[in-house]
Every structure is written in structure tokens, then in C-alpha cells.
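Observations on the three-dimensional arrangement
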Amino acid sequence: MSHRTEHGITVAAPARVVYDLIADVGQWPRIFPPTVHVDHVQQNGTEERIRIWATANGAPKAWTSRRQLDPTGLRVTFRQEVSQAPVAAMGGAWILDPVSATRTEVRLLHDFDAVGDDPESVSLILRAIDHNSAAELAALRSAAEQREDDRDLLLTFDDSVVVDGAAKDVYEFLYAAQHWPSRLPHVAKVSLQEDTPNLQVLGMDTRNPQGQVHITSSVRVCFPSDRIVYKQLRMPPLLAVHNGQWTIRDDGGKTVVTSTHTVVIEPKAIPAAFGGPATVAQARTAIRQALGGNSLATLRHAKAYAESR
């Protein structure tokens, strides 16, 4: 038995702006809270296959979907190719209705089948759809309405080191985060769960130079042995969004490993974070120093680890 849902929201932005945010899946991990990572599997004009990693009811899931893009009709339809239990099948559509030049009605439709049409599974799926749809629509509205204001709040940067060692050893250091408390001086405590191979939930207590401990949790998608992509679900108050990636590549007999961060600053948290009035520019500098400092420390220890093997 198929089940159907519909969720909607009004966005104070042109329909084309809203459509472009939905169509560009590369922006989804930054915009949509449940989305951890998206990869394009295949693209052919207005048809595409994408691989999505996201959270549902707090647990990480992965699936492959086909999407049909209709920029003229302002519609994007999707259908999961292979679903994860308890979902047997799922699809839906984003439908945009321009109310005016600056207002758009957004409808998000889902249809799904549960494995065995089990009532408990149906209820579980409905809760996940309700939660994720509400979060995605609210985030879509925020991204569309504040796209100009948010430019200073968005910060992307990276750091790299060259390793005279094997890429597989660098990857092993970054992948085996359960060993970080004994390998990295700024990591006080770690919990690592990997129920699905290469899909990790990482909890971490990180100590800053002043001795303060920040508690974070992340979902990590691991691609042996060239990259690890992650999204923080729990992060310091100064950050509204924090996505990252470790990239490992061979370069003429050596290994280059790069840490990339993309963050969105939470402006309301700036005064508390600085103990008084402060600017977005000051927050950007502080975040760059803190995250970059920890990443460089991790990179240097990964370098030492790989070069010793």
C-alpha cells in the first residue's frame, strides 16, 4: 500500500532563486540539515542519478535517486532506486508556484511503501518525512530569503601538507578516529559507531588552547582510500553549519592531504562567544584560526604516522 504526504511553505524570494537551490545538490549539505553529502553518479541533460547520505530519525542513511529537472515548469521529481529498510520504495516532487515576482509557494510531495506495510514501519517513515520535510523547507526558505545577507557568514578554507608516505597510511590515520585521543593532543575523548561500512557517527570532545572542551558529533562518509566527508550535527554555538572533507591524493611519489572546511556563522552567538560586542569579521578570523589550527595539527600527526610506517 502506498502512502502519500505533502508539506509546504511560502518563500519570500523569486521562484528561479528557489528552484536553483533545489536543483543544485552540491549546496544541499550546507543548506539542508539532514543532508550529509551528495555525489553525482550520472548526469544527462535534465536527468540525473545522485547518491545521497542523510540522517533520518537521527540515524545516517544512504540511497541512490533518479531526478528529473524541469526548470521551465519549476518542478523537480525524484525516485529512489534502492531504498533502505524500513522503506521499500520512495519518490516525490518539489513543485514551485510563483505567487509574485518575489514570493513562491513551495510544495514537497512524498509517496512511499513500507517493507511489508508494517504499521510500525509506516509510522517511523512518516515521522522521518515530517521531521526532514519541515527542516528542509525551513532551511530552503532561509537560504533563499537571506542569500545576500548570508554571504559574509559563509566561510570556506583549506589547509594541506605533503607526506613522504603512502596514501593508505594517511587514510588509515584519519579513518581510525577511535585512536585519536592517544594520537592527537587536542582530542580528549572519542566515540565511534559504524553500523554500515564506511558510514560513521563520530562523537568527540576537543580541547582548545585555553583548556575549554567543545563537544561535537558528526556523520562521516568514508571513501577508501582517497577522502572522508563529514557533517557536524552538534557543533560549537558560533557555528550554524559545519561541513568538512579530508582529501588524499598521490602526487609524484608523495601524498598530498588536504582538510577543507565550509562553515556558516551563527551571528546571534557572536557576542557570547567573544564575551561582548564583536563583528562577523572577528568571528571569521577566530573560526579560521581554531578550525585550521586543529586541522593542521591532525594533518601533521597523520604525516608523522604515515612517514614512520
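We now turn to the structure provided with this report.

Rules used throughout
- Residues numbered from 1 in each chain as written.
- Predicted model: local features only at pLDDT ≥ 70, side-chain atom pairs only at ≥ 80, totals over all residues.
- Heavy atoms only, no water.
- Helix = DSSP H or I, 4+ residues; strand = E, 2+ residues; numbered from the N terminus.
- Buried < 20%, exposed > 50% of the residue type's maximum accessible area, 1.4 Å probe, protein only.
- Contact = heavy atoms within 4.5 Å.
- Pairing = 2+ DSSP bridges.
- Axes fitted to C-alpha atoms, helices over the stretch in contact; angles between N-to-C directions.
- Salt bridge = Lys/Arg side-chain N within 4 Å of Asp/Glu carboxyl O.
- Phe/Tyr/Trp six-rings, centres within 6.5 Å; stacked < 30°, edge-to-face > 60°.
- Core = buried A, V, L, I, M, F, W, Y, C linked by side-chain atoms within 4.5 Å.

Details of the side chain of S295
Mapped onto the secondary structure, S295 falls in helix α7 (residues 280–307). According to the relative accessible area criterion, S295 is buried, its value standing at 4%. Apart from residues no more than four positions distant in its own chain, S295 is found in contact with W246, S259 and H261.

Quick notes on the sheet that holds strand β1 (residues 3–11)
Overall, antiparallel pairing links the 7 strands, which are arranged β1-β7-β6-β5-β4-β3-β2 in an open sheet. Strands with a single pairing partner mark the edges of an open sheet, and in this sheet they are β1 and β2 (35–44). Across the sheet, the axes of successive neighbouring strands diverge by a mean angle of 20°, strand direction being ignored. When strand β4 (residues 59–70) meets strand β5 (residues 75–82), the two strands line up antiparallel, connected through 7 bridges. Across the sheet, residue T64 finds its bridge partner in β5, namely V82. In the packing of helix α1 (residues 15–23) onto the sheet, contacts are made with β1, β3 (47–56), β4, β5, β6 (87–100) and β7 (103–114), and the angle to β6 comes to roughly 160°. The sheet contacts of helix α3 (residues 119–145) involve β1, β3, β6 and β7, and relative to β1 the element is tilted by about 20°.

Some words on the pattern of salt bridges
Tallied over the full model, the rule gives 14 salt bridges. Here R107 makes a salt bridge to E6, at a shortest N to O gap of 3.1 Å. One end of the pair, R107, is in strand β7; the other, E6, is in strand β1, with 101 residues separating them in the sequence. Three or more residues joined by partner-sharing salt bridges are found here, namely R49, R66 and E81.

Looking at the packing of aromatic side chains
Given two aromatic rings, their pairing is described by the distance between the two centres and the angle made by the two planes. For the structure on display, the rule yields 5 aromatic pairs. With centroids separated by 5.7 Å and ring planes inclined at 15°, the aromatic side chains of Y171 and Y175 adopt a geometry described as stacked. Of this pair, Y171 and Y175 both sit in helix α4 (residues 167–175), 4 residues apart, which is roughly one turn of that helix. By relative accessible area, Y175 is classed as partly exposed at 25%. Taking 5.5 Å as the distance between ring centres and 50° as the angle between the ring planes, the aromatic pair formed by F173 and Y305 counts as tilted. On the criterion of sequence distance, the pair formed by F173 in helix α4 and Y305 in helix α7 is long-range, its members being 132 residues apart. As far as the burial class goes, F173 and Y305 line up, both buried.

Let's talk about the nonpolar core
V18, W94, V106 and L140 are the most contacted members of the largest nonpolar core, which has 32 residues in total. Element by element, the count of residues in this core is highest for α1, at 7 residues. Leaving out residues up to four positions away in the same chain, W94 has contacts with I22, F32, L74, R75, V76, F78, V106, R107, L108, E136, L137 and L140.

Observations concerning the sheet that holds strand β9 (residues 187–196)
The 7 strands lie next to each other as β8-β14-β13-β12-β11-β10-β9, forming an open sheet whose pairing is antiparallel. A strand with exactly one partner marks an edge of an open sheet, and here the two such strands are β8 (154–163) and β9. The sheet shows a mean angle of 20° between the axes of neighbouring strands, taken without regard to direction. As defined by bridge partners, strand β12 (residues 227–234) adjoins strand β13 (residues 239–251) across 5 bridges and the pair is classed as antiparallel. Bridge pairing links Y230 to G244 in β13. Against the sheet, α4 contacts β8, β9, β10 (199–207), β11 (213–223), β12, β13 and β14 (254–265), and its axis sits at roughly 155° relative to β13. Relative to the sheet, α7 contacts β8, β10, β13 and β14, its axis offset from that of β8 by approximately 20°.

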